[in-house]
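Working through the structure, step by step
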Amino acid sequence: MKTKYALLILGFSLLFAQAQTLSQQHSPILSKTDPMAVGMSTERLAKIDAMLQEQVTAGAIPGAVALIARNGKIVFHNAYGMADNATKKPMKETSIFRIASQTKAITATAVMMLWEEGKFRLDDPISTYIPAFENAQVLATFNATDTTYTTIPAENQITIRHLITHTSGIGYGMIDRDERFKKIYAKAGVTDLFTTADVSIGESVQKLAKLPLHHNPGSRFTYSEGLDVLGYLVEIVSGMPFDDFLRKRIFDPLGMNDTWFYLPKAQHNRLVTVQHKPDGQWEKYPVTFYDTDYPITGAKRFFSGGAGLSSTAHDYAIFLQMYLNKGEYNGTRILSRTTIQSIMGNHSGDLFSEGNKHYGLAFGVITPKGQDAGGEGSTGTFDWGGYFNTQYFADPQENVIGILMKQTQGPVVEETSWKFRQMVFAAIDD
C-alpha cells in the first residue's frame, strides 16, 4: 500500500515538475490587466494620462500612443490627439508609426540569431562576407570646393561587432554630423535611412564600402549605417531577402503582424502622418531628401536595417517582452538567455559618450550611475529611440516596458519623452 502511495506521490511530483517547466518555456501573450494586480498605481498612471493629454491640448505634440506593461501584462495603452491634423484623423491604439532607428535592435536580433547558429563570429572582418570592405580607408583631407578627398589605409579591418556598436568609422550620410561625409555620401549615391527609389540594400552597401571612414575601426563611437550593412550580411549568410528573414524568423513567430518595411495596402490608412509646425499649425512634413510616404509608396525595395521599419506600440512591446523573457515569447524562442546577457554587455568600452549608459549590441543600457541619477530605470534597463520622435525602454529588474510613439519632424519643443519615462517608474507601487 505504501508503495502505491509513494508511486502516486512520485507521479504527481513529476507532473508538477513538467507543468513548471512548460510554464517557464511558454510565457503568455501580452494582454491587459488591472494595474494593481502587477504592482502599478492607477492614480499615478492617471497622471501620465493627464500629462500626455495636456501636451496635445497645448499643441506641443499633434498626437501620441503610449503603452506601459509590467510582468507581461499591459496596464496602460492609450491614444491621444490626431494621426493627421489636416484631415482630423484621430490617433488610435492601433496606429502605425515609422520607428526609424528602433529598427536597429530588430536587425541586431537577426544578426545574433545567425550568430547563435555558428554562421560567424562577432570579431570576424565584414570583408570575409562582403569583400568590398577589405581595403578600408580613413579620410585624410577634404576639398570642400569640389568634394575631392585623400585617404590613408585603415589600421585594421571593420568587424561585425564594430558595425553593431557604431565603432566601425562608417558615417550616416544626410544626418551625419560631419558635413564632409554628407557631401561624400551624397556624391557617391549612397542611400541612407529611407527611400522610395528603386534601389536595394546590397547596391547601396557596395557603394558605401568604397568610401572613406571617419576614423580607424574600433577607435571611436560614430553613429552610422552599420546596421544597414548588417541587414545585407543577413541576406548573404541566410540566403534570404532581409525582409523575408525578419518576417519568417521574427515577426510571424512572435505575432508582430503590424511590423513591416512596406505596409500591405489594407494597413495604409493606419499609418500616422509625419507632422511639423512651421506657422503654429500642425501640417504634413514636406518631401525633402526623402518622402515621408516611403512605407506605402515607391519601389519598396530598400530594406534599411538601420531605419526602415514601421510598427505599432503593441508590436514593439511584444519584441521587448521577448527580451525581458530572456529570448522567448508565447512558446517561441528567438534567442538564448545567454545571448541576451551578452547583448546587454558593454561592447564599446568608454567610447560611448552618454555617461549614464554603456552601449551593447544595438541597445543603450543604463549603468549603476544612471540608476542612481534617477528617472531612467534600474541598472540594465535598455532603450533607444527613432528619428520621428519614438522611444522605448525596458527594465529587466522591474519587468517594466514603456513605449511612446509620436511622428514629428523639425523644431518641436515638447517634454513628453523625459516626463513619460520618469513618471512610468514613479508609478511602480508594490
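Our structure is the block above this text.
A brief report on the enclosed structure follows. This one's a predicted model, so the numbers in the text were calculated from it and none came from an experiment. (Residues numbered from 1 in each chain as written. Predicted model: local features only at pLDDT ≥ 70, side-chain atom pairs only at ≥ 80, totals over all residues. Heavy atoms only, no water.)

1. As for the overall build of the protein
Test applied: Numbered from the N terminus, helices here are DSSP runs of H or I no shorter than four residues, and strands are runs of E no shorter than two. Using C-alpha atoms as the atom set, the radius of gyration is obtained and then compared with a globule rule of 2.2 Å times the number of residues to the power 0.38. Partly exposed describes any residue whose relative accessible area lies between the buried limit of under 20% and the exposed limit of over 50%, with all areas from a 1.4 Å probe on protein chains only and scaled to the type maximum. Every residue pair with non-hydrogen atoms within 4.5 Å of one another is taken to be in contact. For every accessible area listed, the method is Shrake-Rupley and the probe measures 1.4 Å; residues are considered covered only by the protein chains on display. His is not counted here, nor are the chain ends, while Lys and Arg score as positive and Asp and Glu score as negative. Each charge is placed at NZ for Lys, CZ for Arg, CG for Asp and CD for Glu.
For the protein, the helix and strand inventory stands at twelve helices and 17 strands. For 430 residues, the compact-globule estimate of 2.2 N^0.38 gives 22 Å, and the protein sits close to it at 23 Å. Overall size of the protein, expressed as C-alpha extent along the three principal axes, is 95 × 55 × 45 Å. Looking at the 430 residues of the protein, the share that counts as buried comes to 53%. Sequence-distant contacts, at least 24 apart, represent 68% of the contacts inside the protein between residues at least 6 apart. As presented, the protein carries roughly 18400 Å² of accessible surface, and 52% of it is formed by carbon and sulfur atoms. For the protein, the separation between the mean place of its 40 positive charges and that of its 43 negative charges on side chains is 4 Å.

2. Structural notes on the nonpolar core
The cut-off we apply is this: Throughout this description, the term nonpolar core refers to a set of buried Ala, Val, Leu, Ile, Met, Phe, Trp, Tyr and Cys residues connected via side-chain atoms within 4.5 Å.
Ranked by internal contacts, the top residues of the largest apolar core, which has 91 residues, are Ile160, Leu246, Tyr316, Tyr323 and Ile403. In terms of residue count, helix H9 (residues 313–324) provides more of this core than any other element does, nine residues in total. Setting aside anything within four residues of it in sequence, one finds Ile160 in contact with Val111, Phe120, Arg121, Leu122, Asp124, Ile126, Tyr129, Leu230 and Leu233. Listed in part, the 22 residues of the second largest apolar core include Ile48, Met51, Leu52 and Ala427.

3. A closer look at the side chain of Thr103
Formally: Under the rule applied, a polar contact is a pair of N or O atoms within 3.5 Å (in protein, one hydrogen donor and one hydrogen acceptor; residues adjacent in sequence only if both atoms are side-chain atoms).
By the element assignment, Thr103 lies in helix H3 (residues 103–116). Judged by relative accessible area, which is 0%, Thr103 ranks as buried. In this structure the side chain of Thr103 is engaged in a polar contact, spanning 2.7 Å, whose partner is the backbone oxygen of Ala100. What Thr103 contacts, discounting residues up to four positions off in sequence, is Ser304, Gly305, Gly306, Ala307, Gly308 and Leu309.

4. Remarks on the pattern of salt bridges
What counts here: A side-chain nitrogen of Lys or Arg and a carboxyl oxygen of Asp or Glu constitute a salt bridge if their distance falls within 4 Å.
Using the criterion set out here, one finds 18 salt bridges in the structure. Lys182 is paired through a salt bridge with Glu179; the nearest N and O atoms lie 3.2 Å apart. Here Lys182 pairs with Glu179, and both are found in helix H5 (residues 179–188), just three residues apart, close to one helical turn. The class for Lys182 is partly exposed, based on a relative accessible area of 21%. Residue class for Glu179 comes out partly exposed when judged on its relative accessible area of 46%.

5. So, empty space enclosed by the protein
The line we're drawing: The method works on a 1 Å grid over the protein atoms by themselves. A cavity is a set of points holding a 1.4 Å probe that cannot get out, a pocket is an open set with protein on both sides within 12 Å along at least five of seven lines, and residues with an atom within 4 Å of a point line them. Grid points are joined across faces, edges and corners, and a volume is the space filled by probe spheres set on the points. Three classes are used: nonpolar for Ala, Val, Leu, Ile, Met, Phe, Trp, Tyr, Cys and Pro, charged for Asp, Glu, Lys and Arg, and polar for all others, with Gly counted as polar.
Applying the stated criterion to the full structure yields one cavity of 30 Å³ or more. Its boundaries defined by the atoms lining it, the largest cavity holds a volume of some 30 Å³. Phe133, Ala136, Gln137, Ile158, Ile170, Leu208, Ala209, Leu211 and Leu213 are the residues that line the largest cavity. Of the residues in the lining of the largest cavity, the class split is eight nonpolar, one polar and no charged.

6. Side note on the packing of H3 against helix H7 (residues 226–238)
Definition in use: Between the N-to-C directions of two axes lies an angle of 0 to 180 degrees, each axis being a line fitted to C-alpha atoms and, for a helix, fitted only over the stretch in contact. Each crossing gets its handedness from the near helix: less than a right angle anticlockwise from the far helix is left-handed, clockwise is right-handed.
Where H3 contacts H7, the two axes come as close as 10 Å, and the packing angle between them is 35 degrees. When you trace H3 past H7, the crossing you get is left-handed. Counted together, Lys104, Thr107, Ala108, Ala110, Val111 and Leu114 of H3 and Leu227, Leu230, Gly231, Val234, Val237 and Ser238 of H7 form the full contact between these two elements.

7. Considerations on the packing of aromatic side chains
Which entries qualify depends on this criterion: Classification of ring pairs uses Phe, Tyr and Trp, with its six-membered ring standing for Trp, and accepts pairs whose centres are within 6.5 Å; under 30 degrees between planes counts as stacked, over 60 as edge-to-face, and the remaining range as tilted. Two limits define a charge over a ring: the Lys NZ or Arg CZ must be within 6 Å of the ring centre, and within 35 degrees of the ring normal.
Inspection of the entire model under this criterion finds 30 aromatic pairs. Every member of this aromatic cluster is reached through a ring pair, and the members are Phe194, Tyr285, Phe289, Tyr290, Tyr294, Tyr387 and Phe388. A cation over a ring is seen here: Arg247 above Trp260, with NZ or CZ 3.6 Å from the ring centre.

8. Focus: the layout of surface pockets
Taken as a whole, the largest pocket holds about 770 Å³ of empty space. Forming the walls of the largest pocket are 28 residues, and the residues nearest its centre are Arg177, Phe221, Tyr223, Glu354 and Trp384. Of all the elements, strand S15 (residues 382–386) adds the most residues to the lining of the largest pocket, at four residues. Its residues assigned to classes, the lining of the largest pocket shows nine nonpolar, ten polar and nine charged. The computed volume of the second largest pocket comes to approximately 340 Å³. Taken together, 17 residues make up the lining of the second largest pocket; nearest its centre are Lys326, Ile340, Gln341, Met344 and Pro396. Counting residues per element, the lining of the second largest pocket draws most heavily on helix H10 (residues 337–343), which supplies three residues. Residue composition of the lining of the second largest pocket, grouped by class: nine nonpolar, six polar and two charged.

9. Comments concerning the pairing of strand S3 (residues 73–84)
Basically, it comes down to this: The criterion for strand pairing is that DSSP finds at least two bridges linking the strands in question.
Of the pairings in the sheet, the one linking strand S1 (residues 31–32) to S3 comprises two bridges and is parallel in character. The partner of Lys32 across the bridge, within S3, is Ile74. The antiparallel pairing of strand S2 (residues 63–70) with S3 creates a hairpin that spans two residues between the two strands, and Asn71 there sits at a positive phi of about 55 degrees. Direction of pairing for S3 relative to strand S4 (residues 89–90): antiparallel, over a ladder of two bridges. Across the sheet, residue Met82 finds its bridge partner in S4, namely Pro90. The antiparallel pairing of S3 with S4 creates a hairpin that spans four residues between the two strands, and Lys88 there sits at a positive phi of about 60 degrees.

Note that all results are geometric; they support no functional claim without further evidence.
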